[in-house]
Amino acid sequence: MASLGVEAEQEPLLGHSIPGSREWDIIETEEHYKSRWRSIRILYLTMFLSSVGFSIVIMSIWPYLQKIDQTADASFLGWVIASFSLGQMVASPIFGLWSNYRPRKEPLTVSIFISVAANCLYAYVQVPASHNKYYMLVARGLVGFGAGNVAVIRSYIAGATSLQERTSSMANTSACQALGFILGPEPIFLPLLRCLMQMDASIHYFQFYVFQTCFALIGEKGVTWDTIKLQINMYTAPVLLGAFLGILNIILILTVLREHRVDDSGRQCKNINFEEASTDEVQFPQGNIDQVAVVATNVLFFVILFIFALFETIVTPLTMDMYAWTREQAVLYDGIILAALGVEAVIIFMGIKLLSKKVGERAILLGGLIVVWVGFFILLPWGHQFPKIQWEDLHNNSIPNTTFGEIIITLWKIPREDHNEGPTGCPVEQAWCLYTPMIHLAQFLTSAVLIGIGYPSCNVMSYTLYSKILGPKPQGVYMGWLTASGSAARILGPVFISQVYAAWGPRWAFSLVCGMVVLTITLLGVVYRRLIAFSVRHGRIQE
């Protein structure tokens with residue numbers, strides 16, 4: 001078996017064994033293989049829908065919140081948006097623990113049902129006579145709570161794949177998650193379309209209604225189903241669609257998903273989640289998990305998501321300050337850049353499956369961190385050319401001093417304002433604008449490309465290594481903590497960068513990020529030899 005495991009490590013990640021071959025017969029039957037991969041692909045879909053659940057309404061939250069509750073301000077909007085990550089952070093360890101001791105269908109079904117119910121609540125938040133904004137806050141928090149099933153998904157895929165298949169499966173999972181964010185109808189395309197509509201007011205409504213994935217065709221008023229007091233409009237239609245897809249997802253999980261667990265060589269393992277016992281199943285290998293490697297990987301994952309979250313946050317204020325872009329230009333150009341980075345990430349996820357066979361996961365993780373460091377180092381201001389100063393108006397037209405809620409408000413105001421937006425450039429109230437050289441556009445674009453390469457590489461490699469370190473034992477709780485650390489990073493990253501950038505400017509902000517990445521690379525170097533698969537550590541498989 002050890003020699004078979006070594007050969008499997010050298011094969012393509014998805015494997016080329018065919019029914020009837022000696023390797024196939026030893027590890028699993030054709031029926032088990034097909035059932036196992038059907039179940040894994042159902043969870044790819046679940047991951048995709050979980051991402052869509054976040055992105056599908058993010059840009060329409062502010063106008064909907066204004067419509068249902070006039071007392072809501074930008075600060076409260078920030079809480080509404082952050083509630084998704086907060087809910088996911090709380091739920092991930094809970095669902096992970098649940099999946100360790102019960103069939104994974106249970107936490108998956110319950111979590112998706114919570115998301116469906118939360119989407120329905122979101123559609124009804126305009127009905128109560130008062131406190132509507134709090135109902136929206138609860139609804140988005142519950143959607144995030146339901147998204148805590150990401151921990152269950154990752155732990156299932158980790159437990160249902162051999163070492164040979166693990167990296168490829170994790171890369172596919174990340175690609176589905178990225179596609180959910182890209183194809184969610186509003187986060188990328190809506191800002192672009194709003195800017196394009198501003199450029200040609202004569203086709204404003206036509207373009208808006210066609211390209212906002214048809215939801216805006218319904219309009220703000222929409223139609224009302226009086227019997228159940230349901231108003232279907234451009235704000236509620238996306239979440240109702242999300243609820244419908246969630247119901248379909250539950251049906252697929254209940255009818256198609258089967259409990260599968262294999263060891264690092266691909267042999268079936270007997271555990272509490274396995275529904276059908278077999279004489280071919282093997283017991284869990286004995287041995288302790290390397291807790292130092294576990295903690296280190298959680299830290300690495302936190303830093304990776306923290307860095308990318310702050311980069312996404314700072315893109316718009318940075319370009320407005322450095323290049324004197326108007327708000328509509330910033331949203332248009334930055335939207336194009338972020339959309340391109342999303343496509344780039346999917347390509348990287350696919351390429352990693354091939355590259356990992358040649359150099360290994362640890363080397364890719366190290367290389368990705370180095371690329372990210374180079375990307376932020378390039379962003380450091382240099383030279384003698386300074387950004388245009390916004391003398392005309394002391395009001396900061398960029399966004400670094402504001403909450404994320406105010407960023408969303410700015411995007412929604414774009415098509416409603418005149419072409420004459422007033423002064424542009426780096427506002428003089430930010431003292432660093434007077435002495436900090438500008439970041440050239442070529443610097444920014446080069447940096448974005450490099451970060452777009454490094455981030456997805458580090459992301460998928462971190463939790464691929466994590467799953468291998470944990471071994472074939474149930475991983476639900478551990479994956480829950482990993483997901484929670486990522487949620488915390490997405491909350492703290494934007495807060496950190498907005499405060500540092502506003503007070504000290506890009507030189508200090510990106511220098512601190514570079515220092516953070518150097519410390520992370522140092523940590524990786526210290527634990528590098530410990531980031532090995534459970535079976536390799538205990539001598540059952542050679543690395």
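Each remark here, short or long, concerns the structure printed above.
Analysis parameters
Position labels on residues start from 1 in each chain and follow its written sequence. Thresholds applied to this predicted model are a pLDDT of at least 70 for local features of residues and 80 or more for the giving and counting of side-chain atom pairs; totals over whole chains, interfaces and linings are not thresholded and use all residues. Each side-chain value is derived from all of the structure's non-hydrogen atoms; neither hydrogens nor water enter the calculation. Put simply, DSSP H or I for four residues or longer makes a helix, DSSP E for two residues or longer makes a strand, and each gets a number counted from the N terminus. Think of it in three bands: residues with accessible area under 20% of the maximum for their type are buried, residues over 50% are exposed, and the middle band is partly exposed, with areas taken using a 1.4 Å probe on protein chains only. The method behind every accessible area is Shrake-Rupley, applied with a 1.4 Å probe, and residues are considered shielded solely by the protein chains displayed. Any two of the Phe, Tyr and Trp rings considered here, Trp counted by its six-membered ring, make a pair once their centres fall within 6.5 Å; the pair's planes then place it as stacked at under 30 degrees, edge-to-face at over 60, or tilted in between. Definition used in this section: a nonpolar core is a set of buried Ala, Val, Leu, Ile, Met, Phe, Trp, Tyr and Cys residues joined via side-chain atoms within 4.5 Å. In this description, the term disulfide denotes a pair of cysteine sulfurs within 2.5 Å. Fitting a line to C-alpha atoms yields each axis, with helices limited to the stretch in contact; the angle taken between N-to-C directions then spans 0 to 180 degrees. For this classification, under 35 degrees means roughly parallel, over 145 means roughly antiparallel, 65 to 115 means roughly perpendicular, and everything else is oblique. Each crossing is labelled by how the near helix is turned from the far one, with a counterclockwise turn of less than a right angle marking it left-handed and a clockwise turn marking it right-handed. Here, residues are in contact when the closest pair of their heavy atoms is within 4.5 Å. Three residue categories are used. Nonpolar comprises Ala, Val, Leu, Ile, Met, Phe, Trp, Tyr, Cys and Pro, charged comprises Asp, Glu, Lys and Arg, and polar comprises the others, including Gly. Take the residue count of a helix, subtract one, and multiply by 1.5 Å to get its expected span. Any carboxyl oxygen of Asp or Glu within 4 Å of a side-chain nitrogen of Lys or Arg constitutes a salt bridge here. Polar contact criterion, stated in full: a pair of N or O atoms within 3.5 Å, where within protein one must be able to donate a hydrogen and the other to accept it, and residues adjacent in sequence count only if both atoms are side-chain atoms. Grouping into patches uses exposed residues only, defined as over 30% relative accessible area, and leaves out salt-bridged ones; the cut-off is 9 Å for like charges and 5 Å for nonpolar side chains (Val, Leu, Ile, Met, Phe, Trp, Tyr).

A closer look at the overall build of the protein chain
Each helix and strand in the protein chain was counted, giving 20 helices and 4 strands. Here the protein chain holds 543 residues, and 59% of them are scored as buried. On the protein chain, roughly 22,200 Å² of surface is accessible, and the fraction owed to carbon and sulfur atoms is 65%.

Quick word on the packing of aromatic side chains
On inspection of all chains with the given rule, the structure shows 19 aromatic pairs. Aromatic side chains F95 and F145 sit 5.5 Å apart centroid to centroid with 70° between the ring planes, which places their arrangement in the edge-to-face category. Residue F95 is located in helix α5 (residues 74–101), and its partner F145 is located in helix α7 (residues 132–146); the two are separated by 50 residues in the primary sequence. Accessibility expressed as a relative area gives 2% for F95, which makes it buried. For the ring pair W504 and W508, a centre distance of 6.0 Å and an interplane angle of 55° mean the geometry is tilted. Put simply, the rings of F308, F311, F376, Y455 and F510 touch in pairs and so form one group of aromatic residues.

Comments concerning unusual backbone geometry
Residue K229 is not a glycine yet carries a positive backbone phi of 55°. Tracing the backbone through its elements, the reader meets K229 in the loop between β1 (223–225) and β2 (230–232). Under the relative-accessibility criterion, K229 is labelled exposed at 56%. Positive phi outside glycine occurs at A324, with the angle close to 55°. In this fold, A324 is placed in the loop between α13 (291–323) and α14 (327–359).

Some thoughts on the nonpolar core
One finds F311, L318 and F376 to be the most contacted residues of the largest nonpolar core, which totals 76 residues. Of all the secondary-structure elements, those providing two or more residues to this core are α8 (150–159), α9 (163–183), α13, α14, α15 (361–378), α17 (441–470), α18 (476–504) and α19 (506–527). Looking at which element gives the most residues to this core, the answer is α13, with 19 residues.

Topic: the state of the cysteines
One pass over the full model with this rule turns up 1 disulfide. Put simply, C426 and C433 are joined by a disulfide, and their sulfur atoms are 1.8 Å apart. Between C426 and C433, the S-S torsion sits near -55°, and that sign places the bridge as left-handed. C426 sits in the buried class, given a relative accessible area of 0%.

Concerning the packing of α13 against α19
The N-to-C vectors of α13 and α19 enclose an angle of 160°; their axes lie 11 Å apart at closest approach. On the basis of the axis angle, α13 is roughly antiparallel to α19. Crossing geometry of α13 relative to α19 is assigned as left-handed. Each of V292, A296, V299, L300, V303, F306, I307, L310, I314, L318 and M322 in α13 lies in contact with α19, whose residues at this interface are P506, F510, V513, M516, V517, T520, L523, L524 and V527. A per-class count over the contact of α13 with α19 returns 19 nonpolar, 1 polar and no charged.

Regarding α17
The α-helix advances 3.6 residues per turn, and as a result positions three or four apart in sequence lie on the same side. In this model, α17 (30 residues) spans 44 Å end to end at C-alpha, consistent with the 44 Å of a helix rising 1.5 Å per residue. Most of α17 sits inside the fold, with 23 of its 30 residues counted as buried. Downstream of α17 by one or two residues, G471 has phi in the positive range, about 80°.

Remarks on the pattern of salt bridges
Using the criterion set out here, one finds 6 salt bridges in the structure. Among the salt bridges present, the one from E30 reaches K34, with a minimum N-O distance of 3.1 Å. Taken together, the residues span about one helical turn, with E30 and K34 both in helix α3 (residues 30–55) at a distance of 4 residues. Exposure remark for E30: the relative accessible area of 35% places this residue in the partly exposed category.

As for the side chain of N132
With respect to the helices, strands and loops of the structure, N132 is situated in helix α7. Side-chain polar atoms of N132 contact the backbone oxygen of V125, separated by 2.7 Å. The residues touching N132, leaving out its near neighbours within four places in the chain, are I68, D69, V125, Q126 and V127.

Comments concerning the environment of I532
Along the chain, I532 falls in the loop between α19 and α20 (534–537). The spacing of I532 and R362 is 170 residues in sequence and 8.6 Å in space, taken between C-alpha atoms.

Here's the deal with a nonpolar patch on the surface
Together, L241, F244, I247, L248 and I251 give the surface a local cluster of nonpolar side chains, amounting to about 430 Å² of exposed area. Among the structural elements, L248 can be located in helix α12 (residues 237–255).

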